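Now for the letters of each chain:
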Amino acid sequence: MAVKLILDLDTGIDDALAIAYALGSPELELIGVTCTYGNVTTELAVRNSLAVLALLGRTDIPVFAGQACASCADSFEPSPLVRRIHGDNGLGGVRIPDSPRPAEQGGAVDFIVESARRYGADLVYVPTGSSTNIAAAFGADPSLADRLRVVMMGGALTTRGNTTPWSEANVSQDPEASDALLRRGRVTMVGLDVTHQTLLTKAATARWRRLGTAAGTAFADMTDYYIDFEASEIGIVGCGLHDPLAVAVAADESLVGVLPINLRVDLAGPTRGRTIGSLEGLAEPDKRTRAAVRVDAERFLAGFMDRTERVLGAR
């Protein structure tokens, strides 16, 4: 029986790839998408999520708007760097038609809380942007922290950050919310330590183009945009599959090796946003967080292509 999945997305390019991977995974049943800010505004994340789902023939999946900005902020706009990485529309400038389905009237937090109550241990929640929605859900129902399985894309334990030398982008959006998630929740943290080992190249996007479908072409175009940015700005040949790897771990944790460790987030000073061991929690026998520190990149990439080709090749 498939595990129920909620994706919490700031839908840029790798979030779109995560949607395709999830839809191609028989172990997972995507029951809804909740949206946050980061790569784009929450409003645009809703639009992009609906459009990607429609492109993939899944207008049955509901999409919910979440929090519009960090818990200690009044507004949000993507940084110039993020706009360069994902393009002004979040999808590398690729134009995907609007979905005929509107967003749901209810909010993301209510959907998360209600789904956790309904499905219990059969639900996994995968946030790939800020932690603001899940922190708000913990506030609405404190018992959720112990009951909800979370596989978080974010953080950097053994490597440098990608926003500052210490902070990973998703954590940096709302460090207070990420700190609340890591201290209170039951979390598998899939961070830059492992996601930077999963590079997708243009040999893979060429396979999507050969499918001859609108979805295959659109996904190849947006991913090539992402790969070109990584090559020109960072000097690597390929793009890290950050968000798809978190979905893959939700389906099959054997893809990664984990370090059980209680974590916190630095909230002040030059290291603000750093994910690091919690000194007061290191000796606690109950390790609430498991940080992925190894990945079977070859097996993951093979499975990623199989699952995405299945979805992108459907007519």
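In the nomenclature of an unreviewed UniProt entry, the chain corresponds to Nucleoside hydrolase from the organism Pauljensenia hongkongensis.

Draft legend 1. A look at the packing of helix H5 (residues 132–140) against helix H8 (residues 175–184). Between H5 and H8, the least distance of the axes is 8 Å, while the angle of their chain directions is 60°. Looking at the two axes, H5 sits oblique to H8. Here H5 and H8 pass one another in a crossing that is left-handed. When H5 is examined against H8, the residues Thr-132, Ile-134, Ala-135 and Phe-138 are found in contact with a partner set consisting of Ala-177, Ala-180, Leu-181 and Arg-184. Counted by class, the contact of H5 with H8 contains six nonpolar, one polar and one charged residues.

Draft legend 2. Summary view of helix H12 (residues 242–251). The buried count for H12 comes to nine of ten residues, which makes it a mostly enclosed element. Among all positions in H12, only His-242, Asp-243, Pro-244, Leu-245, Ala-246, Val-247, Ala-248, Val-249 and Ala-250 are buried.

Draft legend 3. Up close: the UniProt feature "domain: Inosine/uridine-preferring nucleoside hydrolase" (unreviewed entry) in the chain. The UniProt record marks residues 5–301 with the feature "domain: Inosine/uridine-preferring nucleoside hydrolase" (unreviewed entry), using the residue numbering of this structure. With 40% helix and 18% strand, the stretch residues 5–301 has end C-alpha atoms that lie 21 Å from each other.

Draft legend 4. A look at the sheet that holds strand E1 (residues 3–9). Reading across from one edge, E3-E2-E1-E4-E5-E6-E12-E9 is the order of the eight strands in this open sheet, with mixed pairing throughout. Edge positions in the open sheet fall to strand E3 (63–65) and strand E9 (256–260), since each of these has one partner strand only. In this sheet, neighbouring strand axes are inclined to one another by 25° on average, regardless of whether the strands run parallel or antiparallel. Where strand E6 (residues 186–190) meets strand E12 (residues 289–295), three bridges bridge the pair, whose relative direction is parallel. Of the residues in E12, the one forming a bridge with Val-187 is Thr-289. Relative to E1, helix H1 (residues 13–23) is tilted by about 170°, and along the sheet it contacts E1 and strand E2 (28–35).

Draft legend 5. Here's a closer look at the pairing of E2. Of all eight residues in E2, seven are buried, a share of seventy percent or more. The sheet contact formed by E1 and E2 spans seven bridges and is parallel. Within the sheet, the bridge partner assigned to Leu-7 lies in E2 and is Val-33. Read as a crossover between parallel neighbours, the route from E1 over H1 to E2 is right-handed. The sheet contact formed by E2 and E3 spans three bridges and is parallel. Bridge pairing in E3 links Thr-34 to Phe-64. A crossover links E2 with its parallel partner E3, the connecting element being helix H2 (residues 42–55), and its sense is right-handed.

Draft legend 6. A look at the pattern of salt bridges. Counted under the stated rule, the structure contains 25 salt bridges. For Arg-288, the salt bridge identified is with Asp-146, shortest N-O distance 2.7 Å. One end of the pair, Arg-288, is in the loop between strand E11 (275–277) and E12; the other, Asp-146, is in helix H6 (residues 144–147), with 142 residues separating them in the sequence. In this structure, Arg-299 engages Asp-296 in a salt bridge whose closest nitrogen and oxygen atoms are separated by 3.3 Å.

Conventions and cut-offs
Residues numbered from 1 in each chain as written. Predicted model: local features only at pLDDT ≥ 70, side-chain atom pairs only at ≥ 80, totals over all residues. Heavy atoms only, no water. Axes fitted to C-alpha atoms, helices over the stretch in contact; angles between N-to-C directions. Helix = DSSP H or I, 4+ residues; strand = E, 2+ residues; numbered from the N terminus. Parallel < 35°, antiparallel > 145°, perpendicular 65-115°, else oblique. Left-handed = near helix turned anticlockwise from the far one by under 90°. Contact = heavy atoms within 4.5 Å. Nonpolar A, V, L, I, M, F, W, Y, C, P; charged D, E, K, R; others polar. Buried < 20%, exposed > 50% of the residue type's maximum accessible area, 1.4 Å probe, protein only. UniProt positions renumbered as here; feature names shortened; annotations may be inferred. Pairing = 2+ DSSP bridges. Right-handed = clockwise from strand over helix to strand, strands pointing away. Salt bridge = Lys/Arg side-chain N within 4 Å of Asp/Glu carboxyl O.

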